[in-house]
Amino acid sequence: MFKNYLLVAFRNLTKNKAFSFINIAGLAIGMAACLLIIQYVSYELSFDNFHANKARIFRVNQDRYNSGKLSTQWTSGAFAVGNAIKVLPEIEDVVKMLGTSDILASYKDQKLVIHHIYFASSSFFNVFSFPLLSGDPKTALKEPNTVVISEETADKLFHGENAIGKSIIVNSDQPVKVTGVMKKWPENTHMKCDYLASYATLLKLVGKFDIDNQWLNDGCITYVLLKPGVEPKVVEAKFAPIVKKAYDQFKNSGEGGVYTLIPVQNIHLSPNRMGEMQPNADGKSVYLLLGIAIFVIIIAWINYINLATARAINRAKEVGVRKTLGSAKGQLILQFMLEAVLLNVLSLIFAFILIICFLPVFSSISGLHISFTLFSSSVFWLTVVAMLIVGTVFSGFYPAIVLSSFRPVDVIKGKLSASSGGALLRKGMVVFQFAASIFLLIGSLTVFKQVTYMQKQDLGMQIDQTLVIKPPLVRVDSFYRNMKEFKNECLQLPAVKSVTVSTSIPGDPVQWNAGGIKLVGTDEKEAKQYRIIGVDYDFLNAYNLKVIAGRAFGKDFSTDTGAVVFSKKGVEQLGFNKPETALGKRIDFWGKVYTIVGVVDNFHQQSLHDAYDAIIFRCIPDVRGDVSVKVSSTNIQRTIESLQTNWKATFPGDQFDYFFLDQHFNEQYKADQHFGQVFGIFTLIAIIVACLGLFGLVSYTIVQRTKEIGIRKVLGASVNSILQLLYKDFAFLIVIAFVVSIPLAWYAISKWLQSYAFRINIDMLLFVIPFLTVFIIAFVTVSVLTIKAALTNPVKSLKTE
């Protein structure tokens, strides 16, 4: 019996090739798209899931307030947090980490610039599940001047030698011993580290200064391992009074910080805080893509339901004959369900072929390193099985019920006609398809316009044609003298317009942050937080920052080492609505007094995700930091070679590590660009799948009305009138879909745009363009098929029966 069912199902597929192709193509494309998106979402949700104690590991976040208003949100906090929270009985262990700048490591004749450097306490490998290839995880970070390096770093420095016990020289004068080599970390972790120095090394470097118990020194990232069964809210409640008591003893601490716990598994999809080890993903975007996956596969299933029920009348005689010969309703349902299974299985096979063909393209578009190992993923195969089961039931059950419900007497007498209920359901599903397509198009257009807006927005500074050289790492007798020599040599090059040094550059978060800054003579409660950028005399002019009051720093002003320049947002935070009224005012900066000599207009230090920052520029003639070189666009390669020659002569033994600032700045938008591309591609796929269904449904509708079209033509109907007759129903459905999709799309894009401090306005074009796009596609699809039918000889049309 089963063999007979299978044979009949296969014959039905081959008998109706066009409809079988539309169903299989739509389902295959929908399944492939859904599986790829789910793999993407699964990867984003898998971050830090590999830790053995993942459910008990939390990072201690810090929120800073000014006058009761949230001002900044940090991944790090005071150094004293770790020791203070560890006394709570709910805490099993604590890890303290501090990020630091790049280093130049040397071993024999081999030199290597290492990025992603952190000091970490000895409990690091007890809390986190990062295995060591060699070394003892319990003692590797216990002693001063000991380091654990990554597998890649070990290969580059030691070239296959056993690294354990070897000494390397850091920045030409600091020997450290390698006590561990870490196996390559998984990509799905919020951390990124190539070099872990023991926390004991940090304590040795700061000497007698008791940094470990400081509440006014921030920058320490703290993780806690809770004891089994402990709720994080209990820890937060117990820790809050400890923090308040600690900050109350300092008059200039403002309102201090509020500390909260975030599960390590939630960090990657949480909004970016200041000091993240690497940028987080946008949780809203990830779940929005999951919604697209669901839309695409539902649209594909709806195609099958629509076509199967639309063709029900054609199969009525088959059902009537089977029932007359004794077939039970359950047997007929089984027959039609088996057809749905066969169709879904064939679609799944073609979906696998599509995935294999387009996986490299998807990896490139999404920015994820997804390889063919996804076929070994349990999540992938669970999704496949679930999709097959749900798809078969969802797409096959209703058509099976409809087809098996025909009465033999009605079928044999020819009294059977399409039910109004079935037609209404089909129209409802077509509305859903159109509404989903319009919704996705609105979202895709919004993402495109927002990303374009951010990239083209005036930054308030000039970053083009700027080459940035990373700061020298090798120790020199006089950094100021050497840097002055390098500047003078470079300024003699005809292609070099200016050279300036600063502690921060555009596109990077400002690492120097200070609270407790206020006007001299005001109450301590007026103290606020600011971002501080140390610059030389040339920085403001080199970046063409617009001075709206006062002046920029200048070598002609001997007092400028005691001067500061504020951003417009900075003086507003200080209480001045007019920038010029802030000139000459003195600020108390941690016990030192500085005079405001200028105010620059607001500018975008980072991407347009972030609001303008309250920034203070401090004039530091011998500042150490990134070197920004403004160059002309002519013969850029020769200019780079000349700069490298001067660098090597001035800082012998150091690496010449450079990048172009405009490219570096736009790296901040890479995640948005990838998301926009993925969103756009899968929106297009959803529309294609919907159009396949529309094509099939219109084709079948025309076949059903072939005789009617012939009669109308005989009675004098024009092609246009026939076109209007068939199109008005679909046009009405598109209008309903548009009305349904508008509020949903408006709500969704409004919520998504809220994550951007600077964003596009939501205007009618965002809705009208997608509507017209879907309308035109549907119009062309219906028109092509209708015109073909309308131009057919009426004699042939009337012979169809």
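S.K.: How would you summarise the pattern of salt bridges if you had to cite specific residues and measurements?
M.R.: Per the counting criterion, the structure on display carries 17 salt bridges. Measuring nitrogen to oxygen at the nearest pair gives 3.2 Å for the salt bridge that ties Lys670 to Glu667. Look at the salt bridges and you will find they share partners, linking Asp102, Lys470 and Asp657 into a network.

S.K.: Would you mind going over helix α6 (residues 199-206) in detail, with residue names and values included?
M.R.: All of the buried residues in α6 are Tyr199, Ala200, Thr201 and Leu202. Here the buried face of α6 lies against β4 (91-100), β7 (117-120), β9 (146-150), β11 (174-182) and β12 (195-198).

S.K.: Break down the nonpolar core for me, with residues and values.
M.R.: Counting residues in hydrophobic clusters, the biggest one holds 118 residues, and the most contacted among them are Leu545, Phe553, Phe617 and Phe682. The residues contacting Phe617, other than those within four sequence positions of it, are Ile533, Val535, Phe539, Leu540, Leu545, Phe553, Ala563, Val564, Val565, Val600 and Phe603.

S.K.: Could you give an account of the packing of helix α14 (residues 479-491) against helix α17 (residues 636-650), with specific residues and numbers?
M.R.: When two helices pack together, their arrangement is given by the angle between the helix axes and the distance between those axes. Taken N-terminus to C-terminus, the directions of α14 and α17 make an angle of 155 degrees; their axes are 10 Å apart at the nearest point. In terms of orientation, α14 and α17 fall into the roughly antiparallel class. With respect to the hand of their crossing, α14 and α17 are arranged in right-handed fashion. Residue-level inspection shows Asn482, Glu485, Phe486, Glu489 and Cys490 of α14 in contact with α17, the latter providing Leu643, Asn646, Trp647 and Thr650.

S.K.: For a nonpolar patch on the surface, give the residues involved together with the corresponding values.
M.R.: Residues Val341, Val345, Ile349, Phe350 and Ile353 make up a contiguous nonpolar surface patch of roughly 380 Å² in combined accessible area. You can see Ile349 is positioned in helix α10 (residues 329-366).

S.K.: Give a detailed account of the pairing of strand β20 (residues 563-567), specifying residues and quantitative values.
M.R.: Within β20, five of the five residues are buried, leaving the element largely enclosed by the surrounding structure. Burial along β20 is two-sided: the face carrying Ala563, Val565 and Ser567 and the face carrying Val564 and Phe566 are both buried. By the bridge criterion, five bridges tie β20 to strand β22 (residues 592-600) in an arrangement that is parallel. Note that in β22 the partner of Ala563 across the bridge is Thr595. In terms of strand pairing, β20 meets strand β23 (residues 615-619) through three bridges, oriented antiparallel. Considered in β23, the bridge of Phe566 is made with Ile616.

S.K.: Can you break down the environment of Glu236 residue by residue, with the values?
M.R.: Looking at the secondary structure, you find Glu236 in helix α7 (residues 232-248). We classify Glu236 as buried; its relative accessible area is 15%. In this structure, the C-alpha to C-alpha distance between Glu236 and Leu261, residues 25 residues apart in sequence, is 7.0 Å. If near-sequence neighbours (up to four positions away) are discounted, Glu236 is found in contact with Tyr259, Thr260 and Leu261.

S.K.: Explain the environment of Ile762 to me, and be specific about the residues and the numbers.
M.R.: Looking at the element boundaries, Ile762 is found in the loop between α21 (719-753) and α22 (765-790). Sequence separation between Ile762 and Ile749 is 13 residues; the distance between their C-alpha atoms is 8.5 Å. Sequence-distant contacts of Ile762, that is, excluding residues within four places in its chain, are made with Trp746, Ile749, Ser750, Leu753 and Phe767.

S.K.: So what about unusual backbone geometry? Which residues, and what values?
M.R.: Unlike most non-glycine residues, Asp48 shows phi in positive territory, near 60 degrees. For Asp48, a relative accessible area of 1% gives the class buried. Look at Gln465: it is not a glycine, yet its phi comes out positive at around 55 degrees. By secondary structure assignment, the location of Gln465 is in the loop between α13 (420-456) and β15 (466-469).

Cut-off values and rules
- Residues numbered from 1 in each chain as written.
- Predicted model: local features only at pLDDT ≥ 70, side-chain atom pairs only at ≥ 80, totals over all residues.
- Heavy atoms only, no water.
- Salt bridge = Lys/Arg side-chain N within 4 Å of Asp/Glu carboxyl O.
- Buried < 20%, exposed > 50% of the residue type's maximum accessible area, 1.4 Å probe, protein only.
- Helix = DSSP H or I, 4+ residues; strand = E, 2+ residues; numbered from the N terminus.
- Contact = heavy atoms within 4.5 Å.
- Core = buried A, V, L, I, M, F, W, Y, C linked by side-chain atoms within 4.5 Å.
- Axes fitted to C-alpha atoms, helices over the stretch in contact; angles between N-to-C directions.
- Parallel < 35°, antiparallel > 145°, perpendicular 65-115°, else oblique.
- Left-handed = near helix turned anticlockwise from the far one by under 90°.
- Patch = residues over 30% accessible without salt bridge, like charges linked within 9 Å, V, L, I, M, F, W, Y side chains within 5 Å.
- Areas by Shrake-Rupley, 256 points an atom, 1.4 Å probe, with all protein chains shown as cover.
- Pairing = 2+ DSSP bridges.

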